[in-house]
Structure formats: C-alpha cells, structure tokens
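As a plain string of letters, each chain reads:
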Amino acid sequence: IYAWQYYSGIPVFLPWMSMDRASAKESYLSAPVSSTFTGLGMIDLAVEAPYAFESTGQKADFLPFPEIASALVRKYTYLLDLSGTETEEKETEEPVTYTVSRAMLALRVYLDEEKTYAAEPVWYFEVQNSSTGYLDVLYFNALTGQEIYLA
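Being a predicted model, the structure only gives us computed values, none of them experimental.

Caption draft 1: Region of interest: the sheet that holds strand 4 (residues 33-38). Spatially, the three strands line up as an open sheet ordered 1-4-5, and their pairing is antiparallel. The sheet terminates laterally at strand 1 (2-3) and strand 5 (41-47), the two strands that pair on one side only. Direction of pairing for strand 4 relative to strand 5: antiparallel, over a ladder of six bridges. Across the sheet, the residue bridging to V33 is V47, located in strand 5.

Caption draft 2: The sheet that holds strand 9 (residues 147-148), seen in detail. What the six strands build is an open sheet, ordered 2-3-6-7-8-9; its pairing is mixed. Only two strands of the sheet have a single neighbouring strand rather than two, namely strand 2 (6-7) and strand 9. Here strand 6 (residues 98-111) pairs with strand 7 (residues 117-129) via 13 bridges, running antiparallel. Looking across to strand 7, one finds that A106 is bridged to V122.

Caption draft 3: The arrangement of the packing of aromatic side chains in detail. Enumeration over the complete set of coordinates arrives at twelve aromatic pairs. Residues W4 and F13 carry aromatic rings whose centres are separated by 5.8 Å and whose planes lie at 50 degrees to one another, so their mutual orientation is tilted. Residue classification places F13 among the buried residues on the basis of a relative accessible area of 0%. Seen in terms of ring centroids, F125 and F140 are 6.0 Å apart; in terms of plane orientation they differ by 80 degrees. Their pairing is edge-to-face. Residue F125 is located in strand 7, and its partner F140 is located in strand 8 (residues 135-141); the two are separated by 15 residues in the primary sequence.

Caption draft 4: Region of the structure containing the pattern of salt bridges. The full count for this structure, using the stated rule, is five salt bridges. Salt-bridge contacts for E126 lead to R102; the nearest nitrogen and oxygen are separated by 3.5 Å. You can see E126 sitting in strand 7 and its partner R102 sitting in strand 6, a full 24 residues away along the chain. Exposure remark for R102: the relative accessible area of 30% places this residue in the partly exposed category. Among the salt bridges present, the one from R108 reaches E120, with a minimum N-O distance of 2.6 Å.

Rules of the game
Residues numbered from 1 in each chain as written. Predicted model: local features only at pLDDT ≥ 70, side-chain atom pairs only at ≥ 80, totals over all residues. Heavy atoms only, no water. Pairing = 2+ DSSP bridges. Helix = DSSP H or I, 4+ residues; strand = E, 2+ residues; numbered from the N terminus. Phe/Tyr/Trp six-rings, centres within 6.5 Å; stacked < 30°, edge-to-face > 60°. Buried < 20%, exposed > 50% of the residue type's maximum accessible area, 1.4 Å probe, protein only. Salt bridge = Lys/Arg side-chain N within 4 Å of Asp/Glu carboxyl O.

And the structure:
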C-alpha cells in the first residue's frame, strides 16, 4: 500500500526525488507513505511528514504543453535522427526509437541555494529506449521549460 501527497490535485515529489535519476522515478518505492502487508499483517510502515504549502495568490502561467514537449524532443533529437545506422558489415540495424511512456504534471519540493524548502511545478517524463529497454526520467520546469538535470 502506498500514497502520495497532493496539492491542488497535483502529486508532490519529495526533495530526494530530484537528486539523481535512480531516485527520480515515481513509483511505490518512492512514495512518501508506504506499508507492506503479508498474511501475518503489516510488517513495515514508512511515512514522510507532509509539506505545508502556502498560496501566494499569484496566478502561475504554465507554458503550453507543446512547448514542453518540444524541449523534450530537442533533448533527444540527435538520438532520434539515428533512424538507421550501418554496422561494420554494412547491414542496417533496427533504428533506435525513444517513446514517452508516461508524462505527468507534479510539484517538486527541493532545497534552494539558501537551503530552505521551495516548490515548483514540473513536467515528469519517462522515456523508454527501444534498443536497450532503458527507462530515462526527466523533469522540465512547467513555467520556464528548462530541464532540471538529475545526476
């Protein structure tokens, strides 16, 4: 059993979820509330304290989704252009494709330069590589379109 905190209908991502790619994936493993049950009952419970958000009263102007999607495409352009490479034997390999398997709007909590908590809306993408099966996780600021780099 797992659960996420939501603010205004948007899931809240914990600060450690934007520290590196391994921790960035939104799943039951990264949920702020989780519990494991067996036939014997509950065997563990992990709970992160919820964040208290204060509304500024200012309207946030999100970039249109096509602009955010364009930033994602630009990131993969050099890879997407490899529509068929030749091997040493001059055989054409199957082209590598990248598929967005999941996209969602989230609220990312992080520590700013002054080491205080801040929050920003982000677009979360899971991108699957067709040749390796590798799943890449990317965040883009929903207001500016800038990628938030994960180590």
